[in-house]
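Survey of secondary and tertiary structure
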Amino acid sequence: MISRPPRSSEPNAAEASAWADVLVRRRLLHAAVLTPNGQWLVQDRPGGPVRVLLGPADVVALAATIQHRTRTRTRTMRPEIR
């Protein structure tokens, strides 16, 4: 696995918004809404529980977790080529 250099800054609202939009458009999340106080409300599926994320860093961390889970699932479903 290739290690990545550490971030030079904390994620901001624009980056979190972009990731939230991608996750919803790709149907990896049902909804992601930024509240006036900077928190995010996210829902995995319709009718599912709503989670509160405290800020942009949590949204980016969620996106990374979903991406990792998706890649791992895809890798395990692929037949091995020899």
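Okay, so let's go over this structure. On a predicted model such as this, the values are computed, not experimentally measured, just so you know.

1. As for a nonpolar patch on the surface
Taken together, the side chains of Val33, Leu41, Val50, Val52 and Leu54 make up a nonpolar region of the molecular surface, amounting to roughly 440 Å² of accessible area. Here Val50 is to be found in strand E3 (residues 50–53). Since its relative accessible area comes to 52%, Val50 is described here as exposed.

2. Some points on the side chain of Gln43
Tracing the backbone through its elements, the reader meets Gln43 in strand E2 (residues 40–43). Overall, the relative accessible area of 15% leaves Gln43 in the buried class. A polar side-chain atom of Gln43 sits 2.8 Å from the main-chain carbonyl oxygen of Gly48. Contacts of Gln43, omitting those with residues within four sequence positions, involve Leu29, His30, Ala31, Gly48, Pro49 and Val50.

Basis of the calculations
- Residues numbered from 1 in each chain as written.
- Predicted model: local features only at pLDDT ≥ 70, side-chain atom pairs only at ≥ 80, totals over all residues.
- Heavy atoms only, no water.
- Patch = residues over 30% accessible without salt bridge, like charges linked within 9 Å, V, L, I, M, F, W, Y side chains within 5 Å.
- Areas by Shrake-Rupley, 256 points an atom, 1.4 Å probe, with all protein chains shown as cover.
- Salt bridge = Lys/Arg side-chain N within 4 Å of Asp/Glu carboxyl O.
- Helix = DSSP H or I, 4+ residues; strand = E, 2+ residues; numbered from the N terminus.
- Buried < 20%, exposed > 50% of the residue type's maximum accessible area, 1.4 Å probe, protein only.
- Polar contact = N/O pair within 3.5 Å; in protein donor to acceptor, adjacent residues only side chain to side chain.
- Contact = heavy atoms within 4.5 Å.

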